[in-house]
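Structural features, examined
Each chain, letter by letter, is given below.
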Amino acid sequence: MTILLLGSGGREHAFAWKMLQSPQCKTLFVAPGNAGTAEIAKNININPTDFEAVKTFVLQEKVDMVVVGPEDPLVLGIYDFFKNDTELKDIPVIGPSKVGAQLEGSKEFAKEFLVKHNIPTAAYDSFTAETVEKGCQFLETLQPPYVLKADGLAAGKGVLIIQDLEEAKTELRNMLVHQKFGQASSKVVIEEFLDGIELSCFVLTDGKNYKILPTAKDYKRIGEGDTGLNTGGMGAVSPVPFADAVLLEKIETRIVKPTIDGLQKDGIEYKGFVFIGLINVKNEPIVIEYNVRMGDPETEVVLPRIKSDLVELFQAVANEKLNEVALEIDERSATTIMVVSGGYPEDYEKGKVISGIANIQDSIVFHAGTKLDNGNVVSNGGRVLAVTSYGNDFQEAIKKSYQNIDKLHFDKMYFRKDIGFDLL
Ligand code: AMP
Ligand code: GLY
C-alpha cells in the first residue's frame, strides 16, 4: 500500500515509525513531516489543510489510504472532502467526519453530546456576547476556581482557570466581547471545576466497534511540579499506574461505550481516534474534553506499546471490521520526555543545530519540531524531540530517557526533570 500521513510533529514521527513496521506499508509519504520522518519516509511539502493539493498528490501517487495526525484538517472536513469527491471516495481517510470532529472543534457541541448520552462530565452552561451578563451571574453561582473554555479551536490555549470571581468576569468579557481568542471565543463554556488527577484514554473506532488503546498521562505545564504556562505536553507515561482494572472498567462502561453508541445513535460517521481527557475525582472518571486525534506526546508512548500491526488496524477501521482484529499490548511501561527550545511556550529561537542523536542507545528519538538544513538536523519548533524508552516500570523507563537526553545538545535546550513525579 501507499499511505499518506498528514502532520509534522512527534506524533506523526511515531505514526510513521509504527506504520513502517507493517509489511503492508510499501510507500509512506508524510506531509509536511520533519527531519525524523524524512529519514524513514518521503516528506512532501503540502499543507494538510490545502485539500486540493492533497487531492492532486493522492491521485498522482495512487495513494491507498490517508492517515490524519492533527485536528485542523479533520475539523475543516477532510473526511467529507474525500467522501464527496468522485475520484477520492474509495480512498479511506483515518479520522472522523466533519460533524464527528466537532467533538473537538466545538466545546459546546461536545458538552451537548456528553449530556445527551448521559456521560459523566462537569456541570456547565454556555454563553455568547449577547448573554455575557448572564454568564457573569452564572459565575456567581459557582465555587472558585472558575473554568472558562473558548468554544472553538484555540491551539490548546483556550481554557482559563481563574481563582478570583471579578477576574473571571473580566476574562469572560475579554473572550466574548473583545474576542480574546478571535472567532474561537465567540462562544464560551463555563464549567464546574473538577478536583482530581488527569489521565487520557485513547480509543480507535470504526464507528461501531472500538478498541481501547493503552492509557497515558501527559505533563502539560512547562515547569517542574506542574507549574508555569501550559504547553502542548512535556512528557508522558503509559500505562497510568493508578488506572487499575476497576477504574478502567468504569471508563469503558460509563464513557467509552456510551460515546461510540452515541456516535452511532446520532448518525455520526467516525473512523479514527477518540482521545478522551478525563479527571479522576475520588475514583470516578469524569470527561473534561474530547479530541478527535491522538495526543502528542501521548502517541510517543501509546504506539510503542501496541504490538499489533497498525496498518491492519486502520484497514479494519476503514472496512468497519475492527471487531475482527486483535489488539495486542506490550506489558512494559513506556515514557517519553520532551526536549524543547528555551523560552517555549512563549518566544523561542529556531534553527539550532542538534547533536548527539546518533549516540542514543536503547531509547527511541521521535522528532517533533526539527528540519534538515545543509545536512544538519536543526530545531524548527518549540517542542523539538521526544525521547521514548521502555522499562519494566515507568521509573526504569524514565531513567533511560534521562540518561540518553544527557547525550543530546542544542543551544538553549530545556526539558522537565520530574516527569512521573506525581505517580510515585
Ligand atoms: P482542555 O483543553 O479542555 O483539556 O483543558 C485544558 C486543561 O484545563 C485540562 O488539561 C485540565 O488540566 C484543565 N481543565 C479543563 N477542564 C477542567 C475542569 N472542569 N476542572 C478542572 N480542570 C479542568
Ligand atoms: N498532549 C495533549 C494533546 O495532544 O492535546
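Treat the numbers as computed from the prediction; the structure is a model and nothing was measured. All chains use their own residue numbering, which begins from 1 and follows the written sequence. To label them, take the chains in the order written and letter them from A, then take the ligands in the order written and number them from 1. Side-chain atom pairs in this predicted model are given and counted only at pLDDT of 80 or more, local residue features only at pLDDT of at least 70, and totals for whole chains, interfaces and linings cover all residues. With hydrogens and water stripped out, all remaining heavy atoms of the structure feed into the side-chain values.

**Topic: the overall build of the chain**
Stated formally: Under the DSSP-based scheme used, a helix requires at least four consecutive residues in state H or I and a strand at least two consecutive residues in state E, with every element numbered from the N terminus. Atoms counted for the radius of gyration: C-alpha only. Globule rule: 2.2 Å times the number of residues to the power 0.38. A simple rule labels every residue: compare its accessible area, found with a 1.4 Å probe on the protein chains alone, to the largest value its type can have, and call it buried under 20%, exposed over 50%, or partly exposed in between. Note on definitions: a residue-residue contact is assigned when non-hydrogen atoms from the two residues lie within 4.5 Å. In this description, accessible areas are obtained by the Shrake-Rupley approach with a 1.4 Å probe, and a residue is regarded as covered only by the protein chains that are shown. By the counting scheme adopted, Arg and Lys are positive, Glu and Asp are negative, and His together with the chain ends is not counted. Where a charge sits is defined by one atom per residue type, namely NZ (Lys), CZ (Arg), CG (Asp) or CD (Glu).
Helix and strand content of the chain: 13 helices and 23 strands. The C-alpha atoms of the chain give 21 Å as radius of gyration, which agrees with the globular expectation for 424 residues (22 Å, within 12%). With respect to the principal axes defined by its C-alpha atoms, the chain has extents near 60 × 50 × 45 Å. Expressed as a percentage of its 424 residues, the buried residues of the chain come to 58%. Considering only contacts in the chain between residues 6 or more positions apart, those separated by 24 or more positions represent 69%. If you sum the accessible surface of the chain, you get close to 17,600 Å²; carbon and sulfur atoms cover 47% of it. Where the 45 positive side-chain charges of the chain centre and where its 61 negative ones centre are 2 Å apart.

**Observations concerning the side chain of Glu104**
To be explicit about the condition: Polar contacts here mean pairs of N or O atoms no more than 3.5 Å apart (in protein, one a potential hydrogen donor and the other a potential acceptor; neighbouring residues in sequence count only if both atoms are side-chain atoms).
Turning to its location among the elements, Glu104 is positioned in helix 6 (residues 98-105). Among the polar contacts listed, one links the side chain of Glu104 to the side chain of Arg293, at a separation of 3.1 Å. Excluding anything up to four places from it in sequence, Glu104 contacts Glu71, Leu153, Tyr290, Asn291, Val292 and Arg293.

**Overview of the packing of aromatic side chains**
Any two aromatic rings considered together are summarised by their centre-to-centre distance and by the angle between their planes. Put simply, the rule reads: Any two of the Phe, Tyr and Trp rings considered here, Trp counted by its six-membered ring, make a pair once their centres fall within 6.5 Å; the pair's planes then place it as stacked at under 30 degrees, edge-to-face at over 60, or tilted in between.
If you walk through the whole model with that rule in mind, you get 13 aromatic pairs. Centroid distance Phe51 to Phe81: 5.3 Å. Interplanar angle 50 degrees. Geometry classified as tilted. In this pair, Phe51 sits in helix 3 (residues 51-60) while Phe81 sits in helix 5 (residues 78-83), placing the two residues 30 residues apart along the sequence. The exposure class assigned to Phe51 is buried, which follows from its relative accessible area of 12%. When the ring of Tyr219 is compared with that of Phe421, the centres are 6.3 Å apart and the planes differ by 55 degrees; the resulting orientation is tilted. Of this pair, Tyr219 sits in the loop between strand 12 (217-218) and strand 13 (221-223) while Phe421 sits in the segment after strand 23 (413-414); the two residues are 202 residues apart in sequence, bridging distant segments of the chain. On the accessibility criterion, Phe421 (34% relative accessible area) is partly exposed. Grouped by ring-pair contacts, the aromatic residues Phe15, Phe273 and Phe314 constitute a single cluster.

**A few points about the sheet that holds strand 8 (residues 159-162)**
The pairing of strands in a sheet happens through backbone hydrogen bonds and is either parallel or antiparallel. Quick reminder of the rule: Strands pair, by our definition, only if DSSP identifies at least two bridges between them. Axis angles are defined between N-to-C directions and span 0 to 180 degrees, where every axis is a line fitted to C-alpha atoms and, for a helix, only to the segment in contact.
Sheet architecture is open: four strands sit in the order 6-9-7-8, paired in antiparallel fashion. One side of each edge strand has no neighbouring strand; the edge strands of this open sheet are strand 6 (124-128) and strand 8. Taken over all neighbouring pairs, the strand axes of this sheet differ in orientation by 20 degrees on average, direction set aside. Of the strand pairs in this sheet, strand 7 (residues 146-150) and strand 8 are connected by four bridges, and their pairing is antiparallel. Looking at strand 8, one finds that Leu148 is bridged to Leu160. Here helix 7 (residues 107-116) sits on the sheet and contacts strand 6, strand 7, strand 8 and strand 9 (187-191); the angle it forms with strand 9, its principal contact strand, is near 45 degrees. This element, helix 9 (residues 165-176), spans strand 6, strand 7, strand 8 and strand 9 of the sheet and lies at about 5 degrees to strand 7.

**Looking at helix 10 (residues 245-265)**
Heads up, the rule is: Helices are assigned an expected span. That span is 1.5 Å times one less than the residue count.
Here helix 10 spans 28 Å end to end across 21 residues, near enough to the 30 Å set by a 1.5 Å rise per residue. When helix 10 is considered as a whole, its buried residues turn out to be Leu247, Lys250, Ile251, Ile255, Val256, Pro258, Thr259, Ile260, Gly262 and Leu263. Against the buried residues of helix 10 lie helix 6, helix 7, strand 10 (197-205), strand 11 (210-212), strand 16 (270-281) and strand 17 (284-291). Following helix 10 by one or two positions, Gly267 adopts a phi angle in the positive range, close to 65 degrees.

**A word on the site of ligand 2**
The condition is simple: Consider each residue's heavy atoms; a residue with any of them within 4 Å of a molecule or strand counts as near. Residues are grouped as follows: Ala, Val, Leu, Ile, Met, Phe, Trp, Tyr, Cys and Pro are nonpolar; Asp, Glu, Lys and Arg are charged; every other residue, Gly included, is polar.
Looking at ligand 2, the residues that line it are Asp218, Gly232, Phe275, Arg293, Gly295, Asp296, Pro297 and Glu298. Within the side chain of Arg293, one N or O atom sits 3.0 Å away from an oxygen atom of ligand 2. When the free accessible area of ligand 2 is taken as 200 Å², the share hidden by the protein chains comes to 87%. Here the shell around ligand 2 is composed, by residue class, of two nonpolar, two polar and four charged.

**Some thoughts on the site of ligand 1**
Neighbouring residues of ligand 1: 14 residues in total, closest Glu191, Glu192, Leu194, Glu198 and Glu289. Contacts to ligand 1 include Leu194, whose backbone N or O atom sits 2.8 Å from a nitrogen atom. Glu289 is positioned with one of its side-chain polar atoms (N or O) 2.7 Å from an oxygen atom of ligand 1. Burial of ligand 1 by the protein amounts to 88% of the accessible area it has alone, namely 470 Å².

**Focus: helix 6**
Three or more residues of helix 6 are buried, namely Gly100, Ala101, Leu103, Glu104 and Gly105. Where the residues of helix 6 are buried, they touch helix 4 (72-75), strand 5 (93-96), helix 7, helix 10, strand 16 and strand 17.

**Description of the side chain of Ser106**
Considering the arrangement of structural elements, one finds Ser106 in the loop between helix 6 and helix 7. Of the polar contacts made by the side chain of Ser106, one reaches the backbone nitrogen of Phe109; its length is 3.0 Å.

**Observations concerning the packing of helix 1 (residues 10-19) against helix 12 (residues 310-318)**
Our working definition: Oblique is the label for any angle not covered by the other classes, which are roughly parallel (under 35 degrees), roughly antiparallel (over 145) and roughly perpendicular (65 to 115).
At their nearest, the axes of helix 1 and helix 12 sit 8 Å apart, and the two run at 100 degrees to each other. With respect to their mutual orientation, helix 1 and helix 12 come out roughly perpendicular. When helix 1 is examined against helix 12, the residues Phe15, Lys18 and Met19 are found in contact with a partner set consisting of Leu310, Val311 and Phe314.

**Observations concerning the environment of Leu114**
Position of Leu114 relative to the elements: it lies in helix 7. The exposure class assigned to Leu114 is buried, which follows from its relative accessible area of 2%. Setting aside anything within four residues of it in sequence, one finds Leu114 in contact with Ile119, Thr121, Val287 and Tyr290.

**What to know about the pairing of strand 5**
Of the strand pairs in this sheet, strand 4 (residues 65-68) and strand 5 are connected by two bridges, and their pairing is parallel. Its bridge partner lying in strand 5, Val66 is registered against Val93. One ladder, built from two bridges, connects strand 5 with strand 16; its direction is antiparallel. Bridging from a neighbouring strand, Pro96 pairs with Tyr270 of strand 16.

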